[in-house]
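Single-letter residue listing:
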Amino acid sequence: MSTLDSGLTLIKNASQRVSKANGWMGNAFKSWMPTGLYARALLIMIVPMVILQTVVAFVFMERHWNTVTRRLSAAVVSDIAALIDVYKTYPQDKDRAHLRGIAQKLQLVVDFLPAGDMPPPGPKPFFSLLDQTLSVQLGRQISRPFWIDTVGKSNLVEIRVQLDDSVMRIFAQRSAAYASNSEIFIFWMLGTSTILLIVAVLFLRNQIKPILRLADAAESFGKGREAPNFRPRGAREVRRAAQAFIEMKARVERSIEQRTAMLAGVSHDLRTILTRFKLELALIGEGPEIDAMRKDVDEMSMMLEDYLAFARGDSGEVAQPTDMAAALEELRSDAERHGHTATVAFHGLPVVTVKPASFKRCLANLVSNAARHANTISITGHRDHRYLNITVDDDGPGIPANMREEVFKPFLRLDDARNQDEGGSGLGLAIARDIARSHGGDIMLGESPMGGLRAQVRVPV
């Protein structure tokens, strides 16, 4: 392998590792990020401001506060060192009046204590910049034992220096050794930032509200419910999206209305013909052939109703609060009336907002499908803060796992399947799923603990 090939291989391997690391970091970053638009927008606003304020504060603290404090402390220590030199140079100043006069001009208060040990170190403040700076300067310029107290008196700093025959005690103004106005800058910076953030949050909340209303309206439309007070609001782009949603909703509803009107006309014509057939059969009389023809006409009427129900869906019906426990009890009574053993149980708050007639038809199709092939039926309902789950179990032969999705196709007929009756239209499960999906939910088929089929309806509440 040539040197060029080796280099290309190394570059390729390195790029793959970088890509994997980038993907891992991206996934980790996504897991930390909030999922809501409002939270993400706040994060986009807050993070740059916090970073900017942190950089500004760090630069100010490092370049200004520390430097000014260090220079002020060095000046105070230089004055103290000068006073010590005066003390050594002029021993004839027995009462130290001349020394105190010089200290007063330097804005210092000096007195002398008897020689002895220094007091124990006092408590340090949480942010001990002044203590650190004074200690460094005293050790550098005086090189004598010292003791400082920056906590005891808020406006003064006490410094004691061990001399040969006494202890010099100096009181200096804190402002002379410490840049005390720096906290005011920090407080002003934080205060103005907080006010700006509050104003920005209020404006951002007003901008996010139209998006949330649009999402709620789309969700309600997906569940088959109306959003009567919805209208375009907010920024221009949000209003465009809301207007596009309203136009799309109108087109969908207009298409459904046209299809329903066409099917209503077709059904009227076909029902007229079937009515004539029934009258003619009634006038002919009785006989085996006549009974068979009557059965065919009744079957045609049932198939026509199924076709119309499948094509019409649940359009035109308004969603309203419905007692699901009572609806399930009606299904149990119907199943027992036809000679089947049925049980019902419901858990949670039973009142759910659905289109009552169509949703009952959805459940009735599932129960009738179970009753057609089983003797025992169990109906269970459960409602929590998010979903309504209704499960129909039976002890029938069931449906093979590989065919549980196929049976929802319209007009599908399986020789051994249980999704249609003899002479039926094969639309029972298709109509049930169509109704469930129009409510924003779905129907899943599985294996029942009773040995047969389990049909589970889940719709959001």
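Above this text is the structure in question.
So, how was this worked out
Note that residues are indexed from 1 along each chain, following the sequence as it is written. Side-chain atom pairs in this predicted model are given and counted only at pLDDT of 80 or more, local residue features only at pLDDT of at least 70, and totals for whole chains, interfaces and linings cover all residues. Note that the side-chain values use all heavy atoms of the structure and ignore hydrogens as well as water. The pairing criterion for strands is at least two bridges between them, as found by DSSP. What counts as a helix is a DSSP run of H or I of at least four residues, what counts as a strand is a run of E of at least two, and both are numbered from the N terminus. A fitted line through C-alpha atoms serves as each axis, taken over the contacting stretch for helices, and the angle formed by two N-to-C directions is quoted from 0 to 180°. Residue contacts follow a heavy-atom distance rule, with two residues in contact if any of their heavy atoms lie within 4.5 Å. One fewer than the residue count of a helix, multiplied by 1.5 Å, yields its expected span. Burial classes: relative accessible area under 20% of the type maximum marks a residue as buried, over 50% as exposed, and values in between as partly exposed (1.4 Å probe, protein chains only). Any N or O atom pair separated by 3.5 Å or less is treated as a polar contact, with the protein-specific requirement of one donor-capable and one acceptor-capable atom, and with residues adjacent in sequence counted only for side-chain atom pairs. Buried Ala, Val, Leu, Ile, Met, Phe, Trp, Tyr and Cys residues that are joined via side-chain atoms within 4.5 Å together make up what is termed a nonpolar core. Here, patches come from residues exposed beyond 30% relative accessible area and free of salt bridges, joined within 9 Å for like charges and within 5 Å for nonpolar side chains (Val, Leu, Ile, Met, Phe, Trp, Tyr). Only the protein chains shown count as cover for residues, and the accessible areas themselves come from Shrake-Rupley with a 1.4 Å probe. What counts as a salt bridge is simple: a side-chain nitrogen of Lys or Arg found within 4 Å of a carboxyl oxygen of Asp or Glu. Charge counting follows a simple rule: Lys and Arg are positive, Asp and Glu are negative, and His as well as the terminal groups are ignored. Charge positions are represented by NZ for Lys, CZ for Arg, CG for Asp and CD for Glu. The sense of a crossing depends on the near helix, which, turned anticlockwise from the far helix by less than a right angle, makes the crossing left-handed and, turned clockwise, makes it right-handed. Following the grouping adopted for this structure description, the nonpolar residues are Ala, Val, Leu, Ile, Met, Phe, Trp, Tyr, Cys and Pro, the charged ones are Asp, Glu, Lys and Arg, and the polar ones are all others, Gly among them.

Trainee: Whenever I open this one, the sheet that holds strand β1 (residues 108–114) confuses me. Can you help?
Mentor: Either a parallel or an antiparallel arrangement is found when strands of a sheet pair, and the pairing is made through backbone hydrogen bonds. Read from one edge to the other, the open sheet built from four strands follows the order β1-β4-β3-β2, with strand pairing classed as antiparallel. The strands lining the two open edges of the sheet, one partner per strand, are β1 and β2 (146–149). Direction aside, neighbouring strands of the sheet carry axes that sit 20° apart on average. Bridging between strand β3 (residues 156–162) and strand β4 (residues 166–173) involves seven bridges; their strand directions are antiparallel. Looking at β4, one finds that leucine 156 is bridged to glutamine 173. Where helix α3 (residues 97–105) meets the sheet, it contacts β1 and β4, and its direction lies at approximately 145° from that of β1. Packed onto the sheet, helix α4 (residues 129–141) meets β2 and β3 and runs at close to 160° relative to β2.

Trainee: Would you explain α4 in this entry?
Mentor: In an α-helix, one turn spans 3.6 residues, which is why side chains three or four residues apart end up on the same side. Across its 13 residues, α4 extends 18 Å between first and last C-alpha, which sits within 8% of the 18 Å expected from 1.5 Å per residue. Burial in α4 covers these residues: Leu129, Leu130, Asp131, Thr133, Leu134, Gln137 and Leu138. Phi turns positive, to about 60°, at serine 143, one or two residues after α4.

Trainee: Hey, could you run me through the side chain of arginine 160 in this one?
Mentor: Looking at where arginine 160 falls in the secondary structure, it is placed in strand β3. Polar contacts involving the side chain of arginine 160 include one to the side chain of glutamate 158, which spans 2.8 Å. Not counting residues up to four positions away in its chain, the partners in contact with arginine 160 are Leu113, Met118, Pro119, Pro145, Phe146, Trp147, Val167, Met168 and Arg169.

Trainee: I'm lost on the environment of methionine 403 in this one. Help?
Mentor: Locating methionine 403 in the fold gives a position in the loop between β9 (387–394) and α11 (428–438). Of the residues examined, methionine 403 reaches a relative accessible area of 22% and is grouped as partly exposed. Distance from methionine 403 to leucine 445, taken between C-alpha atoms, is 9.8 Å for residues 42 residues apart in sequence.

Trainee: So what exactly am I meant to see when it comes to α11 here?
Mentor: Along α11, the positions that sit buried rather than exposed are Leu429, Ala430, Ile431, Ala432, Arg433, Ile435 and Ala436. Directly after α11, the chain includes glycine 440, whose backbone phi takes a positive value near 85°.

Trainee: What is the right way to look at the nonpolar core in this model?
Mentor: Among soluble globular proteins, nonpolar side chains are generally buried collectively. Counting residues in each nonpolar core, the largest one holds 36 residues, and the members touching the most others are Met324, Phe359, Ile377, Ile390 and Val457. The element that contributes the greatest number of residues to this core is helix α10 (residues 356–373), accounting for seven residues. Setting aside residues no more than four positions away along its own chain, isoleucine 377 makes contact with Ala335, Thr341, Ala342, Thr343, Val367, Ala370, Ala371, Val392, Asp393 and Met450. Judged by nonpolar contacts, the second largest core, of 29 residues, contains Val77, Leu83, Leu129 and Leu138.

Trainee: Any chance you could explain a positive patch on the surface here in plain terms?
Mentor: There is a patch of like positive charges on the surface, built from Arg205, Lys209, Arg213, Arg231 and Arg233. Relative to the assigned elements, arginine 233 resides in the loop between α6 (182–222) and α7 (236–284).

Trainee: Would you take a moment to explain a nonpolar patch on the surface for this structure?
Mentor: On the surface, Leu43, Val47, Ile51, Val55, Phe58 and Val59 cluster together to form a nonpolar patch covering roughly 520 Å² of accessible area. Its place among the elements puts isoleucine 51 in helix α2 (residues 37–89).

Trainee: Help me out: how do you make sense of the packing of α10 against α11 in this one?
Mentor: A packed helix pair is summarised by two numbers, namely the angle formed by the two axes and the spacing between the axes. The contact between α10 and α11 brings their axes to 9 Å, and the two run at 145°. Relative to α11, α10 is oriented so that their crossing is left-handed. Contacts between α10 and α11 involve Ser358, Phe359, Arg361, Cys362, Asn365, Leu366 and Asn369 from the former and Gly428, Leu429, Ile431, Ala432 and Ile435 from the latter. Looking at the contact of α10 with α11 residue by residue, the class counts come to seven nonpolar, four polar and one charged.

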